[in-house]
Amino acid sequence: MTETITVFSDYVCPFCYLGRRSLAEYQESREDPLEIDWHPFDLRSNQRDDEGEVVRESGHDDDYYEQARENVERLREEYDADEMASSFASDDVDSLDAQIASYYVKEHDDYETWLDFDRALFTALWEEERDIGDVDVLAEIADEVGVDPDEVRDAVTDEDLRETVHAKFQEAHQQGVTGVPTFAYEGYAARGAVPPEQLRRLVEGE
């Protein structure tokens, strides 16, 4: 029987990349499949202007970023994520179009196709240091995993779809999601790049 775990995440979040590594490890340890029900989340929502562009600093000080870098490095080693480009900062990458494209693929293609696209977005940003905020890069990634690149180009310019994704951001906040990654299962949640054992307890209650 296939079960589903809900995952709130943003592609520019290094802990989301690492959290998915942890989730993959847990998934591999299971006898039954565990699919991902992905929900978009905008880490930069409070930094955008009325046009949706990221224009403001995050408000965090240097100590915050230093602590975050240390945590990323620790988890990078813990989850054997050697291919993660630890020197690459995603601060200049806006993931909004990538999330719109991913949501489009999730709604219009089968699960495995979406999962390939989703993984490719994480890989492109965190391993290959490609700018997933660039629509040309998104089209290339789509083509690499068998998604029509023109459909992805059209998706990111579709205002109705953009509004739908913004509504999903609001829904996440209304559900009490304040940071990512957040893993949710049957009314319970775990936040952060938690280890596989914690994900097992979340899903299996053990």
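Above: the structure in question.
Here the structure is a predicted model, which means the values were calculated and not measured.

K.L.:
How do you make sense of the overall build of the protein when you look at a structure like this?
P.N.:
On a plain count of helices and strands, the protein comes out with 8 helices and 4 strands. Since a compact globule built from 206 residues should have a radius of gyration of about 17 Å, the 16 Å found for the protein is in line with a globular shape. Here the C-alpha coordinates of the protein stretch approximately 45 × 45 × 35 Å along the principal axes. For the protein, the proportion of its 206 residues judged to be buried stands at 46%. For the protein, long-range pairs separated by at least 24 residues make up 71% of all intrachain contacts whose partners lie at least 6 apart in sequence. Taken together, the 18 basic and 57 acidic charged side chains of the protein have centroids lying 4 Å from each other.

K.L.:
Any chance you could explain the environment of Asp118 here in plain terms?
P.N.:
Counting through the fold element by element, Asp118 comes out in helix α4 (residues 111–126). Dropping the residues within four chain positions of it, Asp118 is found in contact with Tyr11 and Arg20. One polar contact links Asp118 to Arg20, side chain to side chain, over a distance of 2.3 Å.

K.L.:
Would you explain the pairing of strand β2 (residues 34–40) in this entry?
P.N.:
Consecutive residues of a regular strand have side chains that alternate between opposite faces of the sheet. By the criterion of burial, β2 is predominantly enclosed, with 5 of the 7 residues buried. Of the pairings in the sheet, the one linking strand β1 (residues 3–9) to β2 comprises 7 bridges and is parallel in character. The partner of Glu3 across the bridge, within β2, is Leu34. Taking the sense of rotation as the criterion, the β-α-β connection linking β1, helix α1 (residues 14–29) and β2 turns out right-handed.

K.L.:
It is not clear to me how the side chain of Asp42 should be interpreted in this structure. Could you clarify?
P.N.:
Considering the arrangement of structural elements, one finds Asp42 in the loop between β2 and α2 (62–78). According to the relative accessible area criterion, Asp42 is buried, its value standing at 4%. Not counting residues within four places of it along the chain, the set of residues in contact with Asp42 comprises Asp10, Arg48, Gln99 and Phe169.

K.L.:
Just to check I follow, could you spell out helix α8 (residues 196–204) for this structure?
P.N.:
Residues spaced three or four apart along an α-helix point in a common direction, a consequence of the helix completing one turn every 3.6 residues. Looking only at α8, the buried set comprises Pro196, Leu199, Leu202 and Val203. For α8, the angular spread of buried residues about the axis comes to 115°, placing them on one side. Buried residues along α8 sit against β1, α1, β2, β3 (182–185) and β4 (188–191). Just beyond α8, the residue with positive phi is Gly205, at close to 70°.

K.L.:
What exactly am I supposed to notice about the sheet that holds β3 here?
P.N.:
For sheets, the rule is that strands pair by backbone hydrogen bonds, running either parallel or antiparallel. If you walk across this open sheet you meet the 4 strands as β2-β1-β3-β4, and the pairing is mixed. The open sheet has two edge strands, β2 and β4, and neither has a second partner. For this sheet, the mean angle separating the axes of adjacent strands, direction not counted, is 25°. Packing against the sheet, α1 makes contact with β1, β2 and β3, and its axis sits at approximately 160° to β2.

K.L.:
Would you mind going over the nonpolar core with me for this structure?
P.N.:
Side chains that are nonpolar tend, in soluble globular proteins, to be buried together. Counting 60 residues, the largest nonpolar core has Ile5, Leu18, Leu23, Leu121, Ile132, Ile141 and Phe183 as the members making the most contacts within it. Tallying contributions element by element places α4 first for this core, with 9 residues. Those residues in contact with Phe183, other than ones at most four positions away along the chain, are Ile5, Thr6, Val7, Gly19, Leu23, Tyr188, Ala189, Ala190, Gly192, Val194, Leu199 and Leu202.

K.L.:
Explain the packing of α1 against α8 to me, please; I cannot follow it from the model alone.
P.N.:
Two numbers describe how α1 lies on α8: the axes approach to 8 Å, and their chain directions differ by 60°. Crossing of α1 over α8 shows right-handed handedness. Note on element contacts: α8 touches α1 through Pro196, Leu199, Arg200, Val203 and Glu204, opposite Ser22, Leu23, Glu25 and Tyr26. Grouping the amino acids of the contact of α1 with α8 by side-chain chemistry returns 5 nonpolar, 1 polar and 3 charged.

Basis of the calculations
- Residues numbered from 1 in each chain as written.
- Predicted model: local features only at pLDDT ≥ 70, side-chain atom pairs only at ≥ 80, totals over all residues.
- Heavy atoms only, no water.
- Helix = DSSP H or I, 4+ residues; strand = E, 2+ residues; numbered from the N terminus.
- Rg over C-alpha atoms; globule rule 2.2 N^0.38 Å.
- Buried < 20%, exposed > 50% of the residue type's maximum accessible area, 1.4 Å probe, protein only.
- Contact = heavy atoms within 4.5 Å.
- Lys, Arg positive; Asp, Glu negative; His and termini not counted.
- Charge placed at Lys NZ, Arg CZ, Asp CG, Glu CD.
- Polar contact = N/O pair within 3.5 Å; in protein donor to acceptor, adjacent residues only side chain to side chain.
- Pairing = 2+ DSSP bridges.
- Right-handed = clockwise from strand over helix to strand, strands pointing away.
- Arc of directions from axis to C-beta.
- Axes fitted to C-alpha atoms, helices over the stretch in contact; angles between N-to-C directions.
- Core = buried A, V, L, I, M, F, W, Y, C linked by side-chain atoms within 4.5 Å.
- Left-handed = near helix turned anticlockwise from the far one by under 90°.
- Nonpolar A, V, L, I, M, F, W, Y, C, P; charged D, E, K, R; others polar.

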